[in-house]
Amino acid sequence: MINNGNTDFDPIQPGKTMIIFLLVAFLSSILPAASLANPDVYGVLPADTRILQYSLADFDGDAREELAVLYTTADETRLTLFREDSGHWSRWWDDNGAINSQDGNAPRSLETVDTNGDGRAEMLTYYLTEKNTAMAARILALDDQDPANPVFNVILEDMTAPPGYPLLGTEGQAFSVTFMRMASEKGNGYRRVYCWNGEKFEKCKEIVWEKP
């Protein structure tokens, strides 16, 4: 141990050593992903890219995580997936400008989670809609038919009002996604539950709240 010249130097105690060790271990586990992302991801995206959000998840069930990146460039929002290849990220899938909602709104945020219990993650994109009084959620899942040319399909889309996130959980034995809309003078509200039946999400419960 080298003293830096401070006569009040206090050697690190065993408890402090353990804390430092755990901190270093944690940082070591997350820094490689960040260091890989910078040169590889920014190197293939447009120069004016501003990354909004990114997430690591296994979309194809091969026990390796892909990198989903939501970003803006020029006047549009894009979503691109990267796959690890020999220690570097390479582009795997791109939305090709088709990530906007049906009413033309760009996604505000991204989430990756296994919504149906099949062991593979889906992408959830969120959009403000109805003049920012509601938030739509879209769930995209990888199509199994051609792994070499990945295609993501929309398997569920609904909205929550006031803006909020859907509730992920279970209904009975089935994985479920719940959306809620509060009743208002404009119309009734609801608690709407979609259940996974092994092939798709289908509405399995709805409770209507009458407008005041």
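Overview of the structure.

Conventions and cut-offs
Residues numbered from 1 in each chain as written. Predicted model: local features only at pLDDT ≥ 70, side-chain atom pairs only at ≥ 80, totals over all residues. Heavy atoms only, no water. Disulfide = S-S within 2.5 Å. Buried < 20%, exposed > 50% of the residue type's maximum accessible area, 1.4 Å probe, protein only. Helix = DSSP H or I, 4+ residues; strand = E, 2+ residues; numbered from the N terminus. Contact = heavy atoms within 4.5 Å.

Here the structure, examined in full by the defined rule, presents 1 disulfide. Here Cys195 engages in a disulfide with Cys204; their sulfurs sit 2.0 Å apart. In this structure the cystine formed by Cys195 and Cys204 twists about its S-S bond by roughly 55°; its chirality is therefore right-handed. Cys204 sits in the partly exposed class, given a relative accessible area of 37%.

Along the chain, Val177 falls in strand E10 (residues 174-181). Residue Val177 is classed as buried on the basis of its relative accessible area of 0%. It is 9.0 Å that separates the C-alpha atoms of Val177 and Asn116, two residues lying 61 residues apart in sequence. Aside from chain neighbours lying at most four places away, what touches Val177 is Ile139, Leu156, Pro166, Leu167, Leu168, Arg192, Val193, Tyr194 and Phe201.

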